[in-house]
Amino acid sequence: MELKAFEYELPVHLIFGAGKAECIGKEVKKYGKKVLIVTGRGSTKRSGLLDRVEKLLEAEGLEHLLFDEVEPNPLASTAEKGAQIARENGCEVVLGLGGGSIMDCSKSIAFAAVNEGKIFDYIYGKKTGKGALPLILVPTTCGTGSEGNCFAVLTDDETKDKKSLRDYSVIAKASVIDPELMMTMPKKVLASVGFDALCHCMEAYLSKACAPVTELFAKEGIRLIGENLVKAYENYEDKDAWGAISLASTYGGMVINQAGVAASHGLEHPASGLRNITHGRGLAALTPVIYKKSIPAAPERFAEIARLLGGKDENELVDILEQLLETLELKTSLGNEGVKMEDVDWMTENAFKVSLASINNHPRVFTKEEVREIYIEAM
Ligand SMILES: [Zn+2]
């Protein structure tokens with residue numbers, strides 16, 4: 001087999017393991033004395049994690065400030081508001097506690113705290129950033145993998161463009177991945193984030209940009225999720241399964257950092273940008289439709305994914321995925337999630353605006369008309 005030329009650079013510092021949350025205070029202390037804690041309105045308060053983390057910070061003599069306004073599918077304005085609070089209060093470190101939306105918003109706050117103006121000017125390359133505040137990330141869901149990459153997905157308040165800031169300065173100084181923190185997730189959340197993680201690994205593996213190092217992690221991520229997601233879903237006591245899917249989710253974040261995502265993510269972002277739907281549920285509606293049309297373009301890759309998920313060849317893959325969605329009670333359509341038929345033209349145009357790279361990365365490069373058809377089929 002001829003190996004293609006590639007570059008690989010991913011300076012992530014992962015601290016993985018049950019109980020590792022105890023080191024959060026010590027990790028934060030390495031980077032400053034005053035920390036902005038970024039989280040959402042509910043879950044880290046309900047689970048007691050926020051209290052616990054505040055005590056860990058205090059035990060290290062650190063001053064902390066709370067920004068708890070992050071919403072699902074975070075808006076650029078929320079990140080800009082958090083950044084202003086960080087600046088005005090002289091925060092030296094940002095600590096993100098939560099799921100993908102919170103980690104992405106934390107990254108954006110760390111970035112916007114040192115880069116003036118509208119963050120979307122940096123996302124669209126009109127301006128170049130000059131660093132970010134040091135960042136510590138603590139995921140409480142196993143889906144996005146944001147703790148393992150340089151992406152921060154935001155939605156523009158006015159245009160509804162949902163697109164990633166990509167900047168190596170927002171790679172966390174440390175990501176504390178403690179599977180015990182994930183185990184408070186409701187089942188419904190686990191289903192959608194777990195499927196998101198699987199999609200990251202599958203899409204990176206399918207991507208034309210996939211490099212050999214990435215391939216190793218992507219395939220292992222698919223295997224780990226295939227073997228453990230349903231186990232964790234059905235039994236919250238199964239610590240090994242929870243550990244495995246937590247690790248696979250981080251792998252998913254790492255692999256898309258190098259290989260990018262492909263058509264499922266490319267087409268999902270317009271839907272969640274416009275209608276604020278849950279990312280993993282949008283992927284669940286779109287992925288089977290997209291894969292059915294894509295398999296002839298790369299049968300050996302799809303066959304490998306099918307085998308990693310316990311099947312025998314590419315012809316079984318869509319059935320395997322649909323069965324998985326069924327088990328996770330995640331079978332859905334875009335219409336069911338709140339997307340309307342009249343949105344199809346906007347989403348089609350927007351996909352080619354915000355997701356062109358992902359569309360081109362996919363084994364089969366869909367035309368505008370084909371993308372339109374996919375949206376209609378997924379309704
Ligand atoms: Zn995703």
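A quick note: this is a predicted structure, and the numbers were derived from the prediction, not measured. (Residues numbered from 1 in each chain as written. Predicted model: local features only at pLDDT ≥ 70, side-chain atom pairs only at ≥ 80, totals over all residues. Heavy atoms only, no water.)

A.B. asks: Describe in detail the UniProt feature "domain: Alcohol dehydrogenase iron-type/glycerol dehydrogenase GldA" (unreviewed entry) in the protein, supporting the description with residues and values.
C.D. replies: The UniProt record marks residues 11-179 with the feature "domain: Alcohol dehydrogenase iron-type/glycerol dehydrogenase GldA" (unreviewed entry), using the residue numbering of this structure. End C-alpha atoms of residues 11-179 are separated by 22 Å, and the span's content is 31% helix alongside 25% strand. (UniProt positions renumbered as here; feature names shortened; annotations may be inferred. Helix = DSSP H or I, 4+ residues; strand = E, 2+ residues; numbered from the N terminus.)

A.B. asks: Got a sec to walk through the coordination of the zinc ion? Specific residues and values, please.
C.D. replies: Within the protein, the zinc ion binds to Asp196 (OD), His200 (NE2), His265 (NE2) and His279 (NE2); these donor distances fall in the range 2.0 to 2.2 Å. Because the angles between the four donor atoms bound to the zinc ion fall within 84 to 174 degrees, the donor set is best described as irregular. All donors of the zinc ion come from a single chain, and their spacing in sequence reads D-x3-H-x64-H-x13-H. Placement of the pair is His265 in helix α11 (residues 263-275) and His279 in helix α12 (residues 279-294), with a sequence separation of 14 residues. Both residues of the pair, His265 and His279, count as buried. (Donors = N, O, S within 2.8 Å, 3.2 Å for Na, K, Ca; no water. Tetrahedral: all angles 85-135°; square planar, octahedral: opposite > 155°, others 65-115°. Buried < 20%, exposed > 50% of the residue type's maximum accessible area, 1.4 Å probe, protein only.)

A.B. asks: I'd like a rundown of the packing of helix α8 (residues 187-206) against helix α9 (residues 212-234), residues and numbers included.
C.D. replies: Where α8 meets α9, the axes come as close as 8 Å, and the angle between the chain directions of the two elements is 160 degrees. Classified by the interaxial angle, the pair formed by α8 and α9 is roughly antiparallel. When the axes of α8 and α9 are compared, the crossing they make is left-handed. Contacts between α8 and α9 pair Lys187, Leu190, Ala191, Gly194, Phe195, Ala197, Leu198, Cys201, Met202, Ala204 and Tyr205 from the former with Thr214, Glu215, Ala218, Lys219, Gly221, Ile222, Ile225, Leu229, Ala232 and Tyr233 from the latter. (Axes fitted to C-alpha atoms, helices over the stretch in contact; angles between N-to-C directions. Parallel < 35°, antiparallel > 145°, perpendicular 65-115°, else oblique. Left-handed = near helix turned anticlockwise from the far one by under 90°. Contact = heavy atoms within 4.5 Å.)

A.B. asks: Kindly report on the nonpolar core, identifying the contributing residues and their values.
C.D. replies: Leu190, Phe195, Leu198, Ile222, Tyr291, Leu334 and Tyr375 are the most contacted members of the largest nonpolar core, which has 78 residues in total. The element that contributes the greatest number of residues to this core is α8, accounting for 12 residues. When we break this core down by domain, the ones giving at least three residues each are domain 1 (14-182) and domain 2 (187-378). Apart from the residues within four sequence positions on either side, Leu198 is in contact with Ile222, Ile225, Leu309, Leu321 and Leu324. (Core = buried A, V, L, I, M, F, W, Y, C linked by side-chain atoms within 4.5 Å. Domains from an automatic or database assignment.)

A.B. asks: Would you mind going over the packing of aromatic side chains in detail, with residue names and values included?
C.D. replies: Counted according to the given criterion, the structure contains five aromatic pairs. For the pair Phe111 and Tyr122, a centre-to-centre distance of 5.2 Å together with 85 degrees between the ring planes defines the contact as edge-to-face. Of the two residues, Phe111 is situated in helix α5 (residues 100-112) and Tyr122 in helix α6 (residues 119-123); the sequence distance between them amounts to 11 residues. In terms of burial, Phe111 and Tyr122 fall into one category: buried. Its end group placed over the ring of Tyr233, Lys187 keeps NZ or CZ at 4.5 Å from the ring centre. (Phe/Tyr/Trp six-rings, centres within 6.5 Å; stacked < 30°, edge-to-face > 60°. Lys NZ or Arg CZ within 6 Å of the ring centre and 35° of its normal.)

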